[in-house]
Amino acid sequence: MSRGTPSCDWRKGKMAATGEEAAAMDSISRVPPVHPTVLSLGGSSEPRGEPSETAADGQVVPAAPKKPTSSSDGGVETAEEAVEPDINELCTDMFDKMAVFLQGELTGTCEDYRLLENMNKLTSLKYMEMKDISINISRNLQDLNLKYASLQPYLDQINQIEEQVSSLEQAAYKLDTYSKKLEAKFKKLEKR
């Protein structure tokens, strides 16, 4: 096996480190855990405002955290200690994105109102057309009523003529039957 690669014992299911790797792993396991307040967001291993110490064996040991100087804030960082380098950029970016969002919302709302306005205009035009049609129908109906009223006397005369014709027809039938009876009597008298 080459130096520096771990050897595997597959029968036991374990990997064993040899030489320098074993020493490095051993030194890693002896490093005390880092306190969460020591971690930095910037990616450096040193906490902000607190220098770290280097031990004799080359390990980085964080310095003890400093207590706040003011007793009134009760462990809360002051504004100077909590300064974020990109806060202005983040705020500007947030406001820009919020402005774009609100602009989009307002644009959508304006488009909805324009659509409603156009629909109302079209509906108004349709109702105007329907109003004109109904006015024309009403005029035509009034004209028809006037014409019917002017024709009513003639219709009444027609009804009277029809009644007279029917009475004349009945009289003609009676006359016909009477003439047939008379003819029959005349024929009887002739035979004698």
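Please read these numbers as outputs of a predicted model, since none were measured by experiment.

### Here's the deal with the overall build of the chain
- For the chain, the count of helices and strands is two helices and four strands.
- Reading the chain from its N end, one meets helices and strands in the order β-β-α-β-β-α.
- Out of the 192 residues in the chain, the part that is buried amounts to 3%.
- Just so you have it, the chain exposes about 17,900 Å², and 60% of that area is on carbon and sulfur atoms.

### Overview of a nonpolar patch on the surface
- There is a patch of nonpolar side chains on the surface, built from Tyr 148, Leu 151, Tyr 154, Leu 155 and Ile 158 and spanning about 530 Å² of accessible area.
- On the secondary structure map, Ile 158 appears in helix H2 (residues 87–191).

### Considerations on a positive patch on the surface
- On the surface, a cluster of positive charge is made up of Lys 181, Lys 185, Lys 188 and Arg 192.
- Along the chain, Arg 192 turns up in the segment after H2.
- Looking at Arg 192, the relative accessible area reads 84%, which means it is exposed.

### Describing the pattern of salt bridges
- Under the criterion given, the structure shown has five salt bridges.
- Here Lys 121 makes a salt bridge to Glu 117, at a shortest N to O gap of 3.7 Å. In this pair, Lys 121 and Glu 117 both sit in helix H2, four residues apart, roughly one turn of the helix.
- What makes Lys 121 partly exposed here is its relative accessible area of 46%.
- Among the ionic pairs, Glu 183 bridges to Lys 187, the shortest N-O distance being 3.6 Å. In this pair, Glu 183 and Lys 187 are both assigned in helix H2, four residues apart and thus about one turn of the helix distant.

### Remarks on H2
- Given a rise of 1.5 Å per residue, 105 residues ought to cover 156 Å, and the 146 Å separating the end C-alpha atoms of H2 matches this to within 8%.
- Most pronounced at Gln 152, the bend in H2 amounts to some 40°, and the proline Pro 153 follows within four residues.

### As for the confidence of the model for the chain
- Averaged over the chain, the pLDDT score is 74; the fraction of residues at 70 or greater is 56%.
- When pLDDT is averaged over each helix and strand of the chain, the minimum, 46, is found for strand S1 (residues 7–9) and the maximum, 94, for H2.
- The low-confidence segment residues 64–71, where pLDDT is below 50, has six contacts with residues more than four positions distant or belonging to other chains.

Analysis parameters
Residues numbered from 1 in each chain as written. Predicted model: local features only at pLDDT ≥ 70, side-chain atom pairs only at ≥ 80, totals over all residues. Heavy atoms only, no water. Helix = DSSP H or I, 4+ residues; strand = E, 2+ residues; numbered from the N terminus. Buried < 20%, exposed > 50% of the residue type's maximum accessible area, 1.4 Å probe, protein only. Areas by Shrake-Rupley, 256 points an atom, 1.4 Å probe, with all protein chains shown as cover. Patch = residues over 30% accessible without salt bridge, like charges linked within 9 Å, V, L, I, M, F, W, Y side chains within 5 Å. Salt bridge = Lys/Arg side-chain N within 4 Å of Asp/Glu carboxyl O. Lys, Arg positive; Asp, Glu negative; His and termini not counted. Charge placed at Lys NZ, Arg CZ, Asp CG, Glu CD. Expected span 1.5 Å × (residues − 1). Bend = angle between axes of the 7 residues up to and from the residue. pLDDT = per-residue confidence, 0-100. Contact = heavy atoms within 4.5 Å.

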